[in-house]
Amino acid sequence: MQGAYSTYFDNLFLSLRMARPDYKAQAQYSLRTIRQAALGAAFTPLLAELETAIDGFDEHLTDRNQSTAGGTEAFHKARMAWLAFVDDTMKDYVTPKLRKLSVYADFKKFGKSRLAALNQPTLLTDSKLLLALYVANQAALYPTLGADAQKLYDALDAADDSRDTQDGTITDAQLALADDRAAIAHAQRRLKAQLELKFDEPEKVYSFFDFSKAKVNKSGKVKVVVVPPAA
């Protein structure tokens, strides 16, 4: 039954497609015009609810579709630096010095082409195993190999952590975007219902709302009647 009746109970203020500054401005318009109209005590708690929702709305929050390109690019650069180091070390030191030893087979498991084909978590895990091989065999290769490799691996690991943190920040922002917009939408819906009890004319009800900045929904499923604000 919920599906059959959901259209009748949709909150039009949640469906408004507006930039966050415009969405806050339209809510402030309603708060201001309804207060100025002095419509009676029934509106007092509803106006207080809307004012609280507006105060809790941050129009400067990150957009919902913010890209993770920054974190991804940093990880890509660290990954390429690590793989280049692995390739150079194999060609310049491991193959010339360890080719006839049994440990050479262990290094071959972590060649550049194989590491490059791994996903992010596995790359970090296998690279750590390779790092241990470098440290264990640096005496036969060159003295600072372990330190050099550790520095590049740490950069790769840090870039991975940064990207995870950025993803988490975006997720938090998405939740905030949904929550604070919903608070305003809920308060405005209640005000609209009270206005409909006071006024019979839809034009009068909608004169307290500014939908002039609303964008048209391309699907055509949600239609918002745009009524110019009252003078």
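One structure accompanies this document, and this report is about it. (Residues numbered from 1 in each chain as written. Predicted model: local features only at pLDDT ≥ 70, side-chain atom pairs only at ≥ 80, totals over all residues. Heavy atoms only, no water.)

## Notes on the overall build of the protein chain
As a reminder of what qualifies: Numbering of helices and strands runs from the N terminus; a helix is a DSSP stretch of H or I covering at least four residues, while a strand is a stretch of E covering at least two. Exposed residues in this analysis have more than 50% of their type's maximum accessible area, buried residues have under 20%, and partly exposed residues fall in between, with area computed by a 1.4 Å probe over protein chains only. When checking whether two residues touch, look at their non-hydrogen atoms; a contact exists if any pair is within 4.5 Å.
For the protein chain, the helix and strand inventory stands at nine helices and zero strands. The linear arrangement of helices and strands in the protein chain, starting from the amino end, is α-α-α-α-α-α-α-α-α. Scored against the burial criterion, the 231 residues of the protein chain give a buried share of 35%. Of all intrachain contacts in the protein chain linking residues separated by at least 6 positions in sequence, the fraction that spans at least 24 positions is 73%.

## Points about the pattern of salt bridges
Under the convention used in this document: Take a side-chain nitrogen of Lys or Arg and a carboxyl oxygen of Asp or Glu: if they are within 4 Å of each other, that pair is a salt bridge.
Inspection of the entire model under this criterion finds seven salt bridges. Notably, a salt bridge pairs Lys-213 with Asp-22, separated by 3.8 Å at the nearest N-O pair. Of this pair, Lys-213 sits in the segment after helix 9 (202–206) while Asp-22 sits in helix 2 (residues 20–37), and the two are 191 residues apart along the sequence. Its relative accessible area of 25% is what places Asp-22 among the partly exposed residues. One salt bridge in this structure joins Glu-49 and Arg-190, with 2.8 Å as the shortest N-O distance. Note that Glu-49 is positioned in helix 3 (residues 44–55) and Arg-190 in helix 8 (residues 145–198), a separation of 141 residues in sequence. Residue Arg-190 is classed as partly exposed on the basis of its relative accessible area, which comes to 38%.

## Observations regarding the nonpolar core
The test is simple: As used in this record, nonpolar core signifies buried Ala, Val, Leu, Ile, Met, Phe, Trp, Tyr and Cys residues forming a set joined through side-chain atoms within 4.5 Å.
Trp-82, Phe-107, Leu-115, Leu-130 and Tyr-134 are the most contacted members of the largest nonpolar core, which totals 27 residues. Of all the secondary structure elements, the ones that give two or more residues to this core are helix 4 (69–98), helix 5 (103–108), helix 7 (120–141) and helix 8. When residues no more than four places from it in sequence are discounted, the contact partners of Trp-82 are Leu-115, Ser-127, Leu-130, Tyr-134, Ala-149, Leu-152, Tyr-153 and Leu-156. Grouped together as the second largest cluster of nonpolar side chains are 26 residues, Ala-27, Leu-46, Phe-57 and Phe-208 included.

## Some points on unusual backbone geometry
Even without a glycine there, the phi angle at Ala-38 is positive, about 50°. Relative to the helices and strands, Ala-38 resides in the loop between helix 2 and helix 3.

## Points about the environment of Ala-37
Looking at the element boundaries, Ala-37 is found in helix 2. Judged by relative accessible area, Ala-37 falls into the partly exposed class, the value being 32%. Separated by 171 residues in the primary sequence, Ala-37 and Phe-208 place their C-alpha atoms 9.4 Å from one another.

## Considerations on the packing of helix 2 against helix 3
The test is simple: Comment: axis = line fitted to C-alpha atoms, over the contacting stretch for helices; angle = value between 0 and 180 degrees taken between N-to-C directions. In what follows, roughly perpendicular refers to angles from 65 to 115 degrees, roughly parallel to angles under 35, roughly antiparallel to angles over 145, and oblique to any angle outside these ranges. Should the near helix be turned anticlockwise from the far one by less than a right angle, the crossing is termed left-handed; should it be turned clockwise, right-handed.
Helix 3 packs onto helix 2 with a crossing angle of 150° between their chain directions and a minimal axis gap of 10 Å. Put simply, helix 2 runs roughly antiparallel to helix 3. In this structure, helix 2 meets helix 3 at a crossing whose hand is left-handed. On the side of helix 2, the interface is formed by Lys-24, Ala-27, Gln-28, Ser-30, Leu-31, Ile-34 and Arg-35, while helix 3 contributes Leu-47, Leu-50, Glu-51 and Ile-54.

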